[in-house]
Amino acid sequence: MSQDKKVINKILFSRAQIVAFGFALVILTGTLLLMLPISSKTGEVTGFLDSLFTSTSATCVTGLVIADTYTHWSLFGQIVILCLIQIGGLGVVTITAMLYMLTRKRMSINMRALIQESIFSSGMNGVVRMLRKIVVRVFIIEGIGAILLCIRFIPELGIIKGTYYGIFHSVSAFCNAGFDILGFKGEYSSLTSYMNDPLVLYTIMGLIVVGGLGFLVWDDILTKKFRFKKFALHTKIVLVSTIVLIASGTVLYIIFERNNTFADMSAPQAIMSGMFASITPRTAGMNSVDLNLMSQPSKMLTCFLMFIGGNSGSTAGGIKTTTLVIMTVYVFSHIFGRSGVHIGKRRISEENINQASLVLWLNVMLVSVATLIISAIQNVNIGSLMLEVFSAMGTVGLSSGLTRELLPVSQVVIILLMFIGRIGTVTFAVSFKVRKKTPLITYPVEHVNVG
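The structure presented is a predicted model; accordingly, all values stated were derived computationally and were not measured. (Residues numbered from 1 in each chain as written. Predicted model: local features only at pLDDT ≥ 70, side-chain atom pairs only at ≥ 80, totals over all residues. Heavy atoms only, no water.)

A. Region of interest: the overall build of the chain. Along the chain, the regular secondary structure elements total 18 helices and two strands. Out of the 451 residues belonging to the chain, those deemed buried represent 52%. Within the chain, residue pairs in contact and separated by at least 24 positions form 70% of the contacts whose partners lie at least 6 positions apart. When the accessible area of the chain is evaluated, it comes to approximately 21,500 Å², of which 65% is carbon and sulfur surface. (Helix = DSSP H or I, 4+ residues; strand = E, 2+ residues; numbered from the N terminus. Buried < 20%, exposed > 50% of the residue type's maximum accessible area, 1.4 Å probe, protein only. Contact = heavy atoms within 4.5 Å. Areas by Shrake-Rupley, 256 points an atom, 1.4 Å probe, with all protein chains shown as cover.)

Okay, here's the thing in structure tokens:
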């Protein structure tokens, strides 16, 4: 076993605990800051649970809100939320490593292993250099997005306010957070006032997609000079599945909404709105069309896309596209009697298959249990509730408005879902384990009838 593997195995469970504790600490700090009178526009103290919900939603880059971000929070409160979004998007380990680099402190082998795990690198060699490139690229992409959005916001709001709006929405979109400060156009309106604005919508879509691809995918694309055949299998799976999901989602939304919310749109507008509706559930949470007005098939499609989410090692949530692809190929391989799981002339390891099945099962179980608990606590529309639960678990932020009607206990359930969805279901599960137990004996195998 290599030295890298030994170190990773040694800190695996402590790493999960560090990530969980780190996010919890950031959330608690954000909660305390949002409770300050200076954080609200009225100058009053915001309650602990409402502040906790908002802080969790921002840190876990979700976007579900108890109160409209523009209407309720002051400039100070909005900046706190923006900082939480940036921290949550990059990840606690990445932010900690950035502080190490800024203070020029030498990183321990354990810290390097943590970075390797957080960015899904294959080895510890060059992880600091990789992390530095990731951070620089993040700020460059967010800067480009902000400049493009400023072209629209500055003429409308003025230089200072327009620049601030450009930065806020660029960071929110890239980090797949779903927060907006456009409440002056109507509370909880999101981007509906820009539904016919290609500059705003395509910029937001571009930021969401790039943020959801994953840091290693960017590096692979740039290193291999956009030569698809030379890409790693992970990159190929991510790119193909992303294109397929966006394209198929766009077509389905156009079909489902052609006589509904898209009825009065031209063909280019319908394509733009369909694409936006297809991209934002994975997992940004902004919407250009009122979700309440969408048809039932569209809402079900939205739940499906929210459950899938983005890609591993990105700012997005959900079970991830790699999990979907691996489990889909696994099912069809067994149906057609093929040996093993093969993608692109490569065999997928048993470890990857087991991890994908674990992620899928844990997410299904958590969504089901949360839906059951909330529906038992209060009488709500089951369709709206499922949309809310899928949105929280996938760290999306899309809502039909049920968030504001949730009872305190239901809010706590949603808070837990957002937290688990951001740090990852497997990470959350293993964070409770102190160490790996090796069985002293192996029991005999017995056949069980299945299916």
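Let's pick the thread back up.
B. A look at the nonpolar core. Within the largest apolar cluster, 103 residues are counted, with the highest numbers of intra-cluster contacts made by Ile-85, Phe-179, Leu-191, Ile-204, Ile-414 and Met-418. The biggest single contributor to this core is helix α17 (residues 408-423), with eight residues. Setting aside anything within four residues of it in sequence, one finds Ile-204 in contact with Leu-149, His-169, Ala-173, Leu-191, Phe-276 and Met-286. Of all hydrophobic cores here, the second largest spans nine residues; its members include Val-325, Ile-326, Ile-343 and Ile-353. (Core = buried A, V, L, I, M, F, W, Y, C linked by side-chain atoms within 4.5 Å.)

C. Spotlight on the pattern of salt bridges. If you walk through the whole model with that rule in mind, you get five salt bridges. A salt bridge links Glu-156 to Lys-185, with the nearest nitrogen and oxygen atoms 2.6 Å apart. On the criterion of sequence distance, the pair formed by Glu-156 in helix α7 (residues 127-157) and Lys-185 in the loop between α8 (159-174) and α9 (198-213) is long-range, its members being 29 residues apart. Glu-156 sits in the partly exposed class, given a relative accessible area of 35%. Residue Lys-185 is classed as partly exposed on the basis of its relative accessible area of 35%. (Salt bridge = Lys/Arg side-chain N within 4 Å of Asp/Glu carboxyl O.)

D. Structural context of helix α4 (residues 75-90). The terminal C-alpha atoms of α4, which comprises 16 residues, lie 23 Å apart, in line with the 22 Å expected from a rise of 1.5 Å per residue. Those residues of α4 lying buried are Gly-77, Gln-78, Val-80, Ile-81, Leu-82, Leu-84, Ile-85, Gln-86, Gly-88, Gly-89 and Leu-90. Remark: Gly-91 follows α4 within two positions and exhibits a positive phi of approximately 105°. (Expected span 1.5 Å × (residues − 1).)

E. Molecular detail of the packing of helix α13 (residues 296-308) against helix α16 (residues 382-393). Where α13 meets α16, the closest approach of the two axes is 8 Å, and the angle between their N-to-C directions is 20°. The angle between α13 and α16 falls in the class roughly parallel. Crossing angle aside, the handedness with which α13 passes α16 is left-handed. Only Met-386, Leu-387, Phe-390 and Ser-391 of α16 make contact with α13, whose side of the interface consists of Lys-299, Thr-302, Cys-303, Met-306 and Phe-307. Looking at side-chain class alone, the contact of α13 with α16 contains six nonpolar, two polar and one charged residues. (Axes fitted to C-alpha atoms, helices over the stretch in contact; angles between N-to-C directions. Parallel < 35°, antiparallel > 145°, perpendicular 65-115°, else oblique. Left-handed = near helix turned anticlockwise from the far one by under 90°. Nonpolar A, V, L, I, M, F, W, Y, C, P; charged D, E, K, R; others polar.)

F. Region of interest: the packing of α8 against α9. Where α8 contacts α9, the two axes come as close as 7 Å, and the packing angle between them is 40°. Of the possible angle classes, the one that applies to α8 and α9 is oblique. Contacts from His-169, Ser-170, Ala-173 and Phe-174 of α8 reach α9 at Ile-204, Leu-207, Ile-208, Val-210 and Gly-211. Here the contact of α8 with α9 is composed, by residue class, of six nonpolar, three polar and no charged.

G. Region of interest: the packing of aromatic side chains. What the rule picks out here adds up to eleven aromatic pairs. Their ring planes at 80° and their centres at 5.9 Å tell us that Phe-307 and Phe-390 sit as a pair that is edge-to-face. With Phe-307 in helix α13 and Phe-390 in helix α16, the pair connects residues that are 83 residues apart, well separated along the chain. Taking the relative accessible area as the measure of exposure, Phe-307 reaches 15% and is therefore buried. Overall, the relative accessible area of 15% leaves Phe-390 in the buried class. With 6.2 Å between their ring centres and 15° between their planes, Phe-332 and Phe-336 make a pair best called stacked. A relative accessible area of 44% means that Phe-332 is categorised as partly exposed. (Phe/Tyr/Trp six-rings, centres within 6.5 Å; stacked < 30°, edge-to-face > 60°.)

H. Structural context of the side chain of Asn-311. Summarising the element assignment, Asn-311 is placed in the loop between α13 and α14 (321-335). Note on Asn-311: relative accessible area 2%, which makes it buried. For Asn-311, the side chain forms a polar contact with the main-chain oxygen of Gly-212, separated by 2.5 Å. Here the side chain of Asn-311 touches Thr-321 through a polar contact of 2.3 Å, side chain to side chain. Those residues in contact with Asn-311, other than ones at most four positions away along the chain, are Gly-212, Leu-213, Val-238, Thr-242, Ala-316, Lys-320 and Thr-321. (Polar contact = N/O pair within 3.5 Å; in protein donor to acceptor, adjacent residues only side chain to side chain.)

I. Summary view of helix α2 (residues 48-59). Over its twelve residues, α2 extends 16 Å from the first C-alpha to the last, a length consistent with the 16 Å expected when each residue adds 1.5 Å. Among the residues of α2, Ser-51, Leu-52, Phe-53, Thr-54, Ser-55, Thr-56, Ser-57, Ala-58 and Thr-59 are the ones counted as buried. In the stretch just after α2, Val-61 is the one whose phi turns positive, near 40°.

J. Representation of the side chain of Thr-250 within the structure. Looking at the secondary structure, you find Thr-250 in helix α11 (residues 233-257). With residues near it in sequence (within four places) discarded, Thr-250 still touches Ile-271, Gly-274, Met-275 and Ser-278.

K. Local environment of the confidence of the model for the chain. Averaged over every residue, the pLDDT of the chain is 87; the share at 70 or more is 87%. In this model, residues 1-13 is a region of pLDDT below 50 whose contacts with residues beyond four sequence positions or in other chains number 21 contacts. (pLDDT = per-residue confidence, 0-100.)

L. Structural detail: unusual backbone geometry. Phi is positive for Tyr-188, close to 60°, though the residue is something other than glycine. Looking at the element boundaries, Tyr-188 is found in the loop between α8 and α9. For Tyr-188, a relative accessible area of 31% translates into the label partly exposed. One non-glycine residue, Lys-320, lies in positive phi territory at about 85°. The topology assignment puts Lys-320 in the loop between α13 and α14.

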